[in-house]
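Geometric and topological summary
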Amino acid sequence: MDLIENSLTNRQLLTLQTTIATIEGKPWSINHPVFIHDRSWLKLEELKVKDLNARLPPDCSQEAPELKKYRMLIKNGEDELIAVQACWKEFGIEDFHRALRKYWKQQDKGNNGWTFNKYLGLIKDYRDLISGSKISIPLIILARKDSNEEHKLNWIST
């Protein structure tokens, strides 16, 4: 929390604490708050869980069925060329290569490590934490622009 406290203003810390108090004792909802902190602009943005994927779209390129099948074949010891041909046969050459291009484009563009699995993990953990005895809310600290660092997920509690 010290690192977080050092990057937030007193007013922002008060906003976090006040928000936690407003959801205390309430059941899980997709309307619960999520905070995004942009360190470059010292900006703290509050939004609802249901709006998070529009504001910070997760990288789903690795979840394409064509690529999942390819990775599974490679993991099972299949030769790379045979695995590609099997995916061509099952999904079609165009769809397989479209999935690859989308994946490569996302890798070039970068998404600072914000993947679909991390997004789903945030929702699962949030549900679990809300139903527990200690209330916590997610704070996503954005990576600095044009950096290779990943967005960081922190949980803020009272």
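In what follows, the structure referred to is the one given above.
Here's what I pulled together on the structure shown here. (Residues numbered from 1 in each chain as written. Predicted model: local features only at pLDDT ≥ 70, side-chain atom pairs only at ≥ 80, totals over all residues. Heavy atoms only, no water.)

Moving on to the sheet that holds strand 3 (residues 136–141). Spatially, the four strands line up as an open sheet ordered 2-1-3-4, and their pairing is mixed. Both outer strands of the open sheet, strand 2 (43–48) and strand 4 (152–157), are each paired with one neighbouring strand and no more. Taking the axes of each pair of neighbouring strands and ignoring which way they run, one obtains an average angle of 30° across the sheet. Where strand 1 (residues 33–38) and strand 3 come together, three bridges link them in parallel fashion. Each bridged residue has a counterpart across the sheet, and for His37 the counterpart in strand 3 is Ile141. The strands touched by helix 2 (residues 10–23) within the sheet are strand 1, strand 2, strand 3 and strand 4, with strand 1 carrying the most contacts at an inclination of about 170°. The strands touched by helix 7 (residues 116–131) within the sheet are strand 1, strand 3 and strand 4, with strand 3 carrying the most contacts at an inclination of about 150°. (Pairing = 2+ DSSP bridges. Helix = DSSP H or I, 4+ residues; strand = E, 2+ residues; numbered from the N terminus. Axes fitted to C-alpha atoms, helices over the stretch in contact; angles between N-to-C directions. Contact = heavy atoms within 4.5 Å.)

The next subject is helix 4 (residues 65–75). Turning to helix 4, its buried residues number three or more, namely Glu66, Leu67 and Leu73. Down the axis of helix 4, the buried set is contained in an arc of 125°. They therefore lie on one face. Within helix 4, the exposed residues directed more than 90 degrees away from the buried face are Pro65 and Lys75. One or two residues past the end of helix 4 sits Gly77, with phi positive at roughly 95°. (Buried < 20%, exposed > 50% of the residue type's maximum accessible area, 1.4 Å probe, protein only. Arc of directions from axis to C-beta.)

Right, let's talk about the nonpolar core for a bit. Nonpolar side chains tend to gather and get buried jointly when the protein is soluble and globular. Within the largest apolar cluster, 26 residues are counted, with the highest numbers of intra-cluster contacts made by Leu16, Leu52, Trp114, Tyr126, Ile137, Leu139 and Ile140. Mapped onto this core, the elements with two or more residues apiece are helix 2, strand 1, strand 2, helix 3 (49–55), helix 7 and strand 3. Per-element accounting of this core gives the leading share, five residues, to helix 7. Ala64, Leu73, Ala83 and Ala99 belong to the second largest nonpolar core, which has nine residues in total. (Core = buried A, V, L, I, M, F, W, Y, C linked by side-chain atoms within 4.5 Å.)

Our next topic: the pattern of salt bridges. Scanning the model with the defined rule gives seven salt bridges in all. For Lys118, the salt bridge identified is with Glu150, shortest N-O distance 2.9 Å. Taken as a pair, Lys118 in helix 7 and Glu150 in the loop between strand 3 and strand 4 lie far apart in primary sequence, 32 residues in all. Classification of Lys118 by relative accessible area gives partly exposed; the value is 35%. With a relative accessible area of 43%, Glu150 lands in the partly exposed category. A salt bridge links Lys124 to Asp128; the nearest nitrogen and oxygen atoms lie 2.8 Å apart. (Salt bridge = Lys/Arg side-chain N within 4 Å of Asp/Glu carboxyl O.)

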